[in-house]
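# Observations on the model geometry
Residue strings, one per chain:
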Amino acid sequence: DIDRFKEINDSLGHMVGDQLLRAVADRLNEVVQGRGRIARFGGDEFVIICPDTDRVTAALIAQEIISYFAHGFDLGEHHLQATASIGYAVAPQDGRDMDELMQHADLALYEAKGKGRNRASSFNWSLKERFNRLHEIETGLRRALAGGELMLLFQPIVALENGHIDACEALLRWHHPVLGPIPPSEFIPIAESMGMIEAMTDWVLRQACIAAASWPGEVRVAINISPASLKSTELPANVIAALLETGLPARRLELEVTESIFLDDSGQTNMILRELQRIGLRLALDDFGTGYSSLSYLRSYRFDTLKVDQSFMAGISANPEDRAIVRAIGNLARDLKMDTVAEGIETPDQLQHAREAGFTNVQGYLCSRPVPTECIAEMIAA
Ligand code: C2E
Ligand code: MG
Ligand code: MG
């Protein structure tokens, strides 16, 4: 598969695209020669069939092709630098018939592209397993949202000053009927790639508001908003609808976003964040310190809470570096009048370090694991 062929076609025109395809065909002929047969398979894809070829030789041929591409292509007035991605499968180990071999070579191609293009990948059966799991998760997700397989757990965020629960973070759980529990770190990126994240966020939003409305006192609920959801202009309207329907005051809802939302900021994210703040929600910056940290946005956005990533707390007892970073963040946040949450507190020692760094809050297994909403109501009361 020629990498980014569509871009070449779109920017230089179909005539140049056609010329490139012919030049690639010539070059493949030069490389493969008598070792196999070449066919254009459609679009920018070529298939090469080499009889009596083992995996080592297949890898060699693939590498020769990729090296040959590196010379570039002279097409009249244009000198084009094009690269290729290659996937290969070997009979009979990788498949017994044409269909299966082609399908598996295609999976290997997909892998080569995913690893950054301009390279060759061999099929192997773990690729197939990964693909099957991905496929099951994709089909399962559509059913899960409608069929009540998703559930929210809540983890308390505790004030260091008095030990009270200030807020609880809603964490999504999915029990797949066949695959068992699937962690959010696995299924949320897939939901994003399927365009399902907005519907999912809306579901979480509603369930979290319903739960929080039943808790005593002023305890807030925090939900995680993935960057893809922040691109949806419907988010503020959905938030208002959820607040009105459940009767939860806006000040008791906190949205957690990560630094990655500032990566390709189109102005849209900015607008939506400000609109959410106008409604009266609180904003938290999640996993602070692990993203593409730039302190400039602490100046332009008023975040209410900074949540320091658990990786810093995990090493804090052993590493003076982690201690220095955590202490600096504690000072910074205090001067900017933000609350600070130390995530992933598991030991009394880590708790002590969070105190010494001047954090206002902690969250972690030491206080409580994520639990169902009924348990939270009891914990708050206690
Ligand atoms: P996060 O927002 O940073 O959530 C904190 C994660 O740390 C949770 O993992 C929580 O269970 C875990 N954790 C809490 N205390 C401890 C501790 O003491 N030790 C350790 N080792 N871990 C602790 P979880 O539930 O697996 O969620 C992982 C990530 O998935 C979350 O990271 C969040 O980014 C994402 N996520 C979860 N629920 C949602 C959701 O409803 N929507 C979106 N968009 N993302 C979600
Ligand atoms: Mg979070
Ligand atoms: Mg976090």
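Described below are features of the structure shown in this document. This structure is a prediction, so every number in the text was calculated from the model and none was measured.

## Some thoughts on the site of ligand 1
Not every one of the 21 residues close to ligand 1 is listed here, only the nearest: Arg173, Asn224, Asp286, Glu346 and Tyr365. Within the contact set of ligand 1, an oxygen atom lies 3.2 Å away from a side-chain nitrogen or oxygen of Glu343. Protein chains bury 81% of the 810 Å² of accessible surface belonging to ligand 1 in isolation. When contributions to the shell around ligand 1 are tallied by element, the ones reaching two or more residues are β8 (165–176), α6 (184–193) and β12 (282–288). For the shell around ligand 1, the element with the highest residue contribution is β8, accounting for 4 residues.

## Quick word on the coordination of the magnesium ion (ligand 2)
Octahedral metals with six donors have ideal donor angles of 90 or 180 degrees. Tetrahedral metals with four donors have an ideal donor angle of 109.5 degrees. Looking at the magnesium ion (ligand 2), the protein donor atoms are Glu169 (OE), Asn224 (OD1), Glu256 (OE) and Asp286 (OD), and they sit 2.0 to 2.2 Å from it. The sequence pattern formed by the donor residues of the magnesium ion (ligand 2) is E-x54-N-x31-E-x29-D. In this structure, the magnesium ion (ligand 2) lies 3.9 Å from the magnesium ion (ligand 3), and both are coordinated by Asp286. Pair noted here: Glu169 is in strand β8 and Glu256 is in strand β11 (residues 253–258), with a separation of 87 residues, a long-range link. Summarising the burial analysis for this pair, Glu169 and Glu256 share the class buried.

## Looking at the coordination of the magnesium ion (ligand 3)
Coordination of the magnesium ion (ligand 3) by the protein is provided by Asp286 (OD), Asp287 (OD), Glu343 (OE) and Glu343 (OE), with metal-donor distances spanning 2.1 to 2.6 Å. Read N to C, the donor residues that coordinate the magnesium ion (ligand 3) are spaced as D-D-x55-E. For Asp286, a relative accessible area of 5% corresponds to the buried category. Residue Asp287 is classed as partly exposed on the basis of its relative accessible area of 26%.

## Quick word on the nonpolar core
Here is a general trend for soluble globular proteins: nonpolar side chains tend to be buried in one another's company. Membership of the largest hydrophobic core comes to 73 residues, with the highest contact counts inside it found for Leu141, Trp215 and Leu253. Considering every element that reaches this core, the biggest residue donor is helix α7 (residues 197–213), with 8 residues. Ignoring sequence-local partners within four residues, the contact set of Leu141 consists of Trp174, Phe187, Ile190, Ala191, Met194, Met196 and Met200. With 25 residues, the next largest nonpolar core counts Phe5, Leu28, Ala84 and Ile86 among its residues.

## Here's the deal with unusual backbone geometry
Phi is mostly negative for residues that are not glycine, and the peptide bonds are mostly trans. Backbone torsion omega between Ala91 and Pro92 reads 0°, so that peptide bond is classified as cis. Secondary-structure assignment places Pro92 in the loop between β5 (86–88) and α4 (98–114). Look at Arg4: it is not a glycine, yet its phi comes out positive at around 50°. Locating Arg4 in the fold gives a position in the segment before α1 (5–12). Classification of Arg4 by relative accessible area gives partly exposed; the value is 45%. In the Ramachandran plot, Asp287 falls in the positive-phi region, its phi being about 50° despite a non-glycine side chain.

## Concerning the packing of aromatic side chains
Per the counting criterion, the structure on display carries 7 aromatic pairs. Aromatic pair Phe123 and Trp125: ring centres 5.2 Å apart, planes at 80°, arrangement edge-to-face. Since its relative accessible area comes to 2%, Phe123 is described here as buried. Between the aromatic rings of Phe262 and Tyr301, the centroid separation amounts to 5.0 Å while the plane-to-plane angle is 50°, which identifies the pairing as tilted. On the criterion of sequence distance, the pair formed by Phe262 in the loop between β11 and α10 (268–279) and Tyr301 in the loop between α11 (296–300) and β13 (305–308) is long-range, its members being 39 residues apart. For the pair shown, Phe262 and Tyr301 are each scored as buried.

Reading the values: rules and limits
Residues numbered from 1 in each chain as written. Chains lettered and ligands numbered in written order. Predicted model: local features only at pLDDT ≥ 70, side-chain atom pairs only at ≥ 80, totals over all residues. Heavy atoms only, no water. Near = heavy atom within 4 Å. Polar contact = N/O pair within 3.5 Å; in protein donor to acceptor, adjacent residues only side chain to side chain. Areas by Shrake-Rupley, 256 points an atom, 1.4 Å probe, with all protein chains shown as cover. Helix = DSSP H or I, 4+ residues; strand = E, 2+ residues; numbered from the N terminus. Donors = N, O, S within 2.8 Å, 3.2 Å for Na, K, Ca; no water. Buried < 20%, exposed > 50% of the residue type's maximum accessible area, 1.4 Å probe, protein only. Core = buried A, V, L, I, M, F, W, Y, C linked by side-chain atoms within 4.5 Å. Contact = heavy atoms within 4.5 Å. Phe/Tyr/Trp six-rings, centres within 6.5 Å; stacked < 30°, edge-to-face > 60°.

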